[in-house]
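Residue-level structure breakdown
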Amino acid sequence: MPLVALQDVSIRFRGPAVLDGVSFQIDPGERVALLGRNGEGKSTLLRLVHREVDPDHGEIVYGQGIRTGLLAQQVPQDLAGNVFDAVAAGLGERGRLLADFHHASHQFAAGDHSLRRRLDELQRALDAAGAWQVQKEVEQVLVRMGLDPEAEVAALSAGMKRRVLLAGALVSHPDLLLLDEPTNHLDIDSIRWLEEFFLREGCTLLFVTHDRVFLKKLATRIAELDRGRLSSWTCGYETFLERKEAALETEARQDALFDKRLAQEEAWIRQGIKARRTRNEGRVRALEQLREQRRNRRERQGVARIQLQEAERSGRLVIEARGIHHRFGVKQVLRDFSTLIMRGDRVGILGPNGSGKTTLLRLLLGELTPDQGSVRHGTRLEVAYFDQLHAQLDEEASVVDNVGRGSPSVVLDGRKRHILGYLQDFLFTPEQSRGPVKYLSGGERNRLLLARLFARPSNVLVMDEPTNDLDIETLELLEGRLLEYSGTLLLVSHDREFLNNVVTSTLVFEGDAQVKEYAGGYDDWLRQRKPAEPAAPEPRKPAANPPASPAARPASRLKFAERRELEALPAKIEDFESRLAQIHEEIALPGFYQQDRETIVRANEQLRDLEQELADAYARWEELEAKG
């Protein structure tokens, strides 16, 4: 039985419906990745399921006693108090009572005996609410999450604050956990901890993410929001991409045929006197229906057209750092760091939150002077800097003013272009472009910063966490443009796939203010930092013909029935794979989700059963092979 089922759900704010007749369900144990472009309504869908907003039409049906927990995309600015109180708040009124009692107890123990009456009142209220079990529940979650209950939340890093918020969502033991960009502002160690935690705990998840490694490791199913419609894909991310491309090609062909037919009917109706003599009223009504269908068609939003302007080539040497030592307050950030960056290098910078990655960038750019050592710059450097905190953006000014800085046009490759047209390349409508920045979402702000950055020529591009909040499609487009960029790139990122695809070397903070350099991206660093391990032996496959001589290998320990089972397994596995491929093709058909709910549920159940049988067959094959 599903935990949650959306039945013909629609919701609209301004313009087209964000969700338009969506039907969707989540079963226990699933980890569903929710994909879609910025602004498609992913966060709205999470809030609907969490009961924060109500649909305009349709209903959301929950299993009996189902609880949901939500980890929102943004960390609230007003988080205060200690970790225990913040986590207890996830239990509602009982949690708030316990947090008040906890706080008053500390003050009483510190000598404020005027709180005796208040403590007595709180204790009676906790007894009446049966809330003492809450203390144990909060403490258990704090242990599972590795959190210090007495730490002040305001003093924690962004990554630890998100861990506190996750603990607050988990403390009520939700049956379904809703995660909106859970990896934002986390360092790689924290992201890997999250992955392992969710896999270990067996949580049922509906999550939005732009982190493709996180997506591939966790997702058991993919749901995509596109123009108000929700489609479900029971496959991995790579297979989803292939099937989605095929579906879009089919849609484009169908739209082209429809438009051709509409054009023919419009030509017929315009024939005038001749048409009126031979006119068929049914044909006229059919034309009206075609016109209505065309008006209601929601075109797919265009792809961002990101172009980087390149300045005159810099000198061959870009940056040389020698023997840098630097402190930030009392903290030693760098110790005896040296590097040589040449024209065309693409350098990734990795390290835990707070390790000093942004400080290293500022030292390399000459914005800070090292305590010891030297930094030398090459000639003809034109630097463009992407700031992860968006400090370069004026919240109150319009999008146009943030990019044009008072000018109605931008100069691209020596030619003037109107700024509204330029911003449309970054998917900003004219209305958005004239509005203030403060109303933009996180992903829109990142696109705006890219538009501002790429409006000026550069030969050194410095990017500090550019991937946060970008949808995957824009992220992959940005990757492609960076690979085409002939200048030098310095990139701070916690996006492992982005690093793997873009950088040629990596500077890694490895503790004790030491920064080491490795060739390649994130996966290359993982391989290089560990001692080489012996290669795993190749798995054996069933022999087509057994050896002629018994001396060729030891006598088999398999019983007769097991040998027969082993011989039959390859054909059985092939049959499972063939049936799975057939179901995948049926599910990928455009009209599959227009069928009745029972048919859809039955197909998905059959798919899950087959996948389990296939996994069991492979496991049995390996077991018998090892035994034989």
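Residue positions are given per chain, counted from 1 along the sequence in the order it is written. Given that the model is predicted, a residue must reach a pLDDT of at least 70 before its local features are reported, and side-chain atom pairs must reach 80 or more before they are shown or counted; all residues, however, enter totals for whole chains, interfaces and linings. Note that water and hydrogens are dropped before the side-chain values are worked out from all heavy atoms of the structure.

Side note on the overall build of the chain
Each helix is a run of DSSP H or I of at least 4 residues and each strand a run of E of at least 2, with the numbering of both proceeding from the N terminus. Summing up its helical and strand segments, the chain has 21 helices and 20 strands in all. Burial status follows relative accessibility: with a 1.4 Å probe on protein chains alone, a residue under 20% of its type maximum counts as buried, one over 50% as exposed, and anything between as partly exposed. Here the chain, with 628 residues, has 47% of them falling under the buried criterion. Across the chain, the fraction of contacts at a sequence separation of at least 24, relative to all contacts at a separation of at least 6, is 69%. In this description, accessible areas are obtained by the Shrake-Rupley approach with a 1.4 Å probe, and a residue is regarded as covered only by the protein chains that are shown. Total accessible area on the chain stands at roughly 32400 Å², and carbon and sulfur atoms take up 49% of it. The contact rule is simple, with two residues in contact once any of their heavy atoms fall within 4.5 Å.

Focus on the pattern of salt bridges
A pairing counts as a salt bridge when a side-chain nitrogen of Lys or Arg comes within 4 Å of a carboxyl oxygen of Asp or Glu. Within this structure, the stated rule accounts for 28 salt bridges. The partner of E201 in a salt bridge is R200, and the shortest N-O contact between them spans 3.8 Å. The exposure class of E201 is partly exposed, given its relative accessible area of 32%. Residue R200 is classed as exposed on the basis of its relative accessible area of 51%. Residues E320 and R322 are paired through a salt bridge, measuring 2.9 Å at the closest nitrogen-oxygen approach. Owing to a relative accessible area of 13%, E320 belongs among the buried residues under this scheme. R322 gets classed as exposed once you look at its relative accessible area, which sits at 53%. Members of the salt-bridge network, linked through shared partners, are E195, D211, K217 and R496.

Describing the packing of helix 6 (residues 158-170) against helix 7 (residues 188-201)
The geometry of a pair of packed helices is captured by two quantities: the angle between their axes and the separation between those axes. All axes here are fitted lines through C-alpha atoms, helices being fitted over the stretch that makes contact, and every angle between N-to-C directions spans 0 to 180 degrees. Running from amino to carboxyl end, helix 6 crosses helix 7 at an angle of 15°, the nearest separation of the two axes being 12 Å. As summarised for this structure, helix 6 and helix 7 are arranged roughly parallel, according to the angle between their axes. Between helix 6 and helix 7 lies a crossing whose hand is right-handed. Touching R163, L166 and L170 of helix 6 are S190, W193, L194, F197 and F198, all from helix 7. Taken together, the residues of the contact of helix 6 with helix 7 sort by class into six nonpolar, one polar and one charged. For classification, angles of less than 35 degrees are called roughly parallel, those exceeding 145 degrees roughly antiparallel, those between 65 and 115 degrees roughly perpendicular, and all remaining angles oblique. Here a crossing is taken to be left-handed if its near helix is turned anticlockwise relative to the far helix by less than a right angle, and right-handed if that turn runs clockwise. Think of it as three bins: nonpolar holds Ala, Val, Leu, Ile, Met, Phe, Trp, Tyr, Cys and Pro, charged holds Asp, Glu, Lys and Arg, and polar takes everything else, Gly as well.

Observations regarding the sheet that holds strand 18 (residues 488-492)
Read from one edge to the other, the open sheet built from six strands follows the order 14-17-18-12-19-20, with strand pairing classed as mixed. Each of the sheet's edge strands pairs with one partner strand only, and the pair in question is strand 14 (383-386) and strand 20 (515-519). Strand-to-strand twist in this sheet, taken as the mean axis angle between neighbours without regard to direction, amounts to 15°. When DSSP finds two or more bridges between two strands, those strands count as paired. Across four bridges, strand 12 (residues 346-350) lies against strand 19 (residues 505-509) in parallel orientation. Residue pairing across strands places I349 opposite L507, the latter belonging to strand 19.

Digging into the pairing of strand 16 (residues 415-418)
A regular strand carries its side chains on alternate faces of the sheet. Bridge count between strand 15 (residues 409-412) and strand 16: four bridges; the pairing is antiparallel. The residue bridging S409 from the neighbouring strand is H418, located in strand 16. Counting the residues between successive antiparallel strands, the hairpin from strand 15 to strand 16 contains two residues, one of them, D413, with a positive phi of roughly 50°.

Observations concerning the nonpolar core
One finds V138, L166 and F198 to be the most contacted residues of the largest nonpolar core, which totals 49 residues. Not counting chain neighbours up to four residues away, the residues in contact with L166 comprise L71, M145, L177, L179, L194 and F198. We call a set of buried Ala, Val, Leu, Ile, Met, Phe, Trp, Tyr and Cys residues a nonpolar core when their side-chain atoms join them within 4.5 Å. Within the second largest apolar cluster, 46 residues are counted, among which are Y422, F426, L475 and V508.

Quick notes on empty space enclosed by the protein
Here a cavity means grid points, on a 1 Å grid over the protein atoms only, where a 1.4 Å probe fits yet cannot get out; a pocket means an open set of points with protein on both sides within 12 Å along at least five of seven lines; lining residues are those with an atom within 4 Å of a point. Grid points are joined across faces, edges and corners, and a volume is the space filled by probe spheres set on the points. According to the stated counting rule, one finds four cavities of 30 Å³ or more in the structure shown. The space that makes up the largest cavity amounts to roughly 80 Å³. Lining the largest cavity are T183, H185, L186, I191, H210, D211, E465, T467, N468, H494 and D495. Taken together, the residues of the lining of the largest cavity sort by class into two nonpolar, six polar and three charged. By volume, the second largest cavity is sized at about 70 Å³. Every residue lining the second largest cavity is listed: L71, G159, R162, R163, L166, P182, L186, S190, W193 and L194. Where the lining of the second largest cavity is concerned, the elements lending two or more residues are helix 6 and helix 7. Looking at which element gives the most residues to the lining of the second largest cavity, the answer is helix 6, with four residues. Looking at the lining of the second largest cavity residue by residue, the class counts come to six nonpolar, two polar and two charged.

Thoughts on the sheet that holds strand 11 (residues 331-342)
Strands sit in the order 11-10-13 across an open sheet of three strands; the sheet is antiparallel. Taken across any chain shown, the strands that pair with only one partner, and hence form the sheet edges, are strand 11 and strand 13 (372-377). Ignoring strand direction, the axes of neighbouring strands in this sheet form an average angle of 15°. Where strand 10 (residues 317-328) and strand 11 come together, eight bridges link them in antiparallel fashion. Paired with F328 across the two strands is K331, which belongs to strand 11.

Things to note about unusual backbone geometry
In this structure, H173 is a non-glycine residue whose phi angle is positive, near 55°. By the element assignment, H173 lies in the loop between helix 6 and strand 6 (176-180). Of note in this structure, E465 is not a glycine but carries a positive phi near 55°. Tracing the backbone shows E465 in the loop between strand 17 (460-464) and helix 17 (472-484). With relative accessibility at 5%, the residue E465 sits in the buried group.

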